[in-house]
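Coordinate analysis (summary)
Here are the chains, one letter per residue:
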Amino acid sequence: SQQGEEDPQALSIQEGENATMNCSYKTSINNLQWYRQNSGRGLVHLILIRSNEREKHSGRLRVTLDTSKKSSSLLITASRAADTASYFCATRQGDMRFGAGTRLTVKP
Amino acid sequence: DTAVSQTPKYLVTQMGNDKSIKCEQNLGHDTMYWYKQDSKKFLKIMFSYNNKELIINETVPNRFSPKSPDKAHLNLHINSLELGDSAVYFCASSHERGAATDTQYFGPGTRLTVL
């Protein structure tokens, strides 16, 4: 069964704006990861946050994790047209479990 | 150099045929995976495999079988293809299945269309 569920399913913003995507999951986890998928391509790992961490940064990416609410958010600041892609959260409990993704469109 | 490669990129075939998709990784990883991504973009794990253990998702029909000639390769063989098998299939690899800080590296995908 799917583990992570991303929200919203689709998000459209203007270049320069911030984009926030949320992920909810159902069971306890070891870590949560975010991946990006450009159209017609495979997934690319963006960032990993461990279950004992609450926030993590990588460049323009900021990830938060709230294990009490079983949720995570991915914030992309100062978005660019090149950020247009689908974003997936994945949780690891043994094997990796992915959600259906948020499709982000950044308009130039 | 491509880290995880798959061939073919596109595969169009008739119902009932048998086909294979090849996957190779040059990352020295111990574990490889096959995922199926349907039209709604859900990504579901089908198999994870290292030289010690094959884990099969119980929902995967036995028409699907992974074959690993060596640590760097995990091919996917599909018998008696059905319309519902149409999807994009991704191969991935990681250092160690279930590792606390492990990440996965994905291939570019193979779009399978069954007519």
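In short, a report on the structure. (Residues numbered from 1 in each chain as written. Chains lettered and ligands numbered in written order. Predicted model: local features only at pLDDT ≥ 70, side-chain atom pairs only at ≥ 80, totals over all residues. Heavy atoms only, no water.)

1. Topic: the interface of chain A and chain B
In plain terms, the rule: Residues are treated as being in contact if the distance between any of their heavy atoms lies within 4.5 Å. Accessible area, probed at 1.4 Å, shrinks when two parts are joined; the buried area is that loss added up over both. Salt bridges are defined as contacts in which a side-chain nitrogen from Lys or Arg sits within 4 Å of a carboxyl oxygen from Asp or Glu. Polar contacts here mean pairs of N or O atoms no more than 3.5 Å apart (in protein, one a potential hydrogen donor and the other a potential acceptor; neighbouring residues in sequence count only if both atoms are side-chain atoms). Strands are runs of DSSP state E lasting at least 2 residues, helices are runs of H or I lasting at least 4, and numbering of each runs from the N terminus. Classification used: nonpolar for Ala, Val, Leu, Ile, Met, Phe, Trp, Tyr, Cys and Pro, charged for Asp, Glu, Lys and Arg, polar for all others including Gly.
At the interface, 22 residues of chain A touch 24 residues of chain B. Taken together, the two surfaces of chain A and chain B that pack against each other cover about 1800 Å², and 52% of this comes from carbon and sulfur. Counting across the interface, chain A meets chain B through zero salt bridges. Counting the contacts that link chain A with chain B gives two residue pairs in polar contact (both at pLDDT 80 or more). Contributions of two or more residues to the side of chain A that touches chain B are made by strand S4 (31-37), strand S5 (43-50), strand S9 (85-93) and strand S10 (95-98) of chain A. Classifying every residue of the side of chain A that touches chain B gives seven nonpolar, nine polar and six charged.

2. Things to note about the pairing of strand S5 (residues 43-49) of chain B
Remember that side chains alternate between the two faces of the sheet whenever the strand is regular. Residue and element names in this part refer to chain B. Worth spelling out the cut-off: The rule is simple: take the accessible area with a 1.4 Å probe, protein chains only, and divide by the maximum for that residue type; under 20% is buried, over 50% is exposed, in between is partly exposed. A strand pair is defined by DSSP finding two or more bridges across the two strands.
Burial analysis of S5 places five of its seven residues in the buried class, which makes it a mostly covered element. When strand S4 (residues 31-37) meets S5, the two strands line up antiparallel, connected through six bridges. Across the sheet, the residue bridging to Gln37 is Leu43, located in S5. Where S4 folds back on S5, the antiparallel hairpin that results is connected by five residues, among which Lys41 adopts a positive phi of roughly 75°. Here three bridges tie S5 to strand S6 (residues 54-56), and the two strands are oriented antiparallel to one another. When the sheet's bridge partners are listed, Ser48 is paired in S6 with Ile55. What sits between S5 and S6 in their antiparallel hairpin is a turn of four residues.

3. Notes on the sheet that holds strand S1 (residues 4-7) of chain B
Residues and elements named next belong to chain B. To keep it simple, the criterion reads: Axes here refer to lines fitted to C-alpha atoms; in helices the fit is confined to the stretch in contact. Angles between the N-to-C directions go from 0 to 180 degrees.
On the basis of which strands lie adjacent, the open sheet formed by four strands has the order S1-S3-S8-S7 and antiparallel pairing. Unpaired on one side and paired on the other, S1 and strand S7 (64-70) mark the two borders of the sheet. Adjacent strand axes in the sheet meet at a mean angle of 20°, parallel and antiparallel pairs treated alike. Note that strand S3 (residues 19-25) and strand S8 (residues 73-78) share four bridges and pair antiparallel. Considered in S8, the bridge of Ser20 is made with His77.

4. Some points on unusual backbone geometry
Omega for the bond connecting Asp7(A) with Pro8(A) falls within 30 degrees of zero, at 0°, which places this linkage in the cis form. Here Pro8(A) is to be found in the loop between strand S1 (5-7) and strand S2 (10-14). Backbone torsion omega between Thr7(B) and Pro8(B) reads -5°, so that peptide bond is classified as cis. Within the secondary structure layout, Pro8(B) lies in the loop between S1 and strand S2 (10-13). Here the phi dihedral of Ala78(A) falls at roughly 45°; this positive angle occurs in a residue that is not glycine. Mapped onto the fold, Ala78(A) is located in the loop between strand S8 (71-76) and S9. The backbone of Lys41(B) shows a phi angle near 75°, a positive value even though the residue is not glycine. Mapped onto the secondary structure, Lys41(B) falls in the loop between S4 and S5. In this structure Lys41(B) comes out as partly exposed when scored by relative accessible area, which is 28%.

5. Examining the side chain of Asp85(B)
Residues and elements named next belong to chain B. Mapped onto the elements, Asp85 comes out in the loop between S8 and strand S9 (87-94). On the basis of relative accessible area, Asp85 is assigned to the buried category, the value being 3%. Of note is the side chain of Asp85, whose polar atom sits 2.9 Å from the side chain of Arg63. Those residues in contact with Asp85 that lie beyond four places of it in its chain are Lys36, Arg63, Phe64, Ile78, Ser80, Leu112 and Val114.

6. Concerning the side chain of His77(B)
Residue and element names in this part refer to chain B. Positionally, His77 belongs in strand S8. Within the structure, the side chain of His77 is placed 3.0 Å from the side chain of Asn79, a separation counted as a polar contact. When sequence neighbours within four positions are dropped, the list of residues in contact with His77 reads Asp18, Lys19, Ser20, Arg63, Phe64, Ser65 and Lys67.

7. What to know about the nonpolar core
Our working rule: Here the nonpolar core consists of buried residues drawn from Ala, Val, Leu, Ile, Met, Phe, Trp, Tyr and Cys, with membership extended through side-chain atoms lying within 4.5 Å.
Among the nonpolar cores identified, the biggest contains 22 residues, and Leu32(A), Trp34(A), Leu74(A), Ile76(A), Tyr87(A) and Leu104(A) are the most heavily contacted of them. Elements with a contribution of two residues or more to this core: S2, strand S3 (19-24), S4, S5, strand S7 (61-66), S8, S9 and strand S11 (102-107) of chain A. Core analysis: the next-biggest nonpolar cluster, separate from the first, contains 19 residues, Ile21(B), Leu81(B), Tyr89(B) and Cys91(B) among them.

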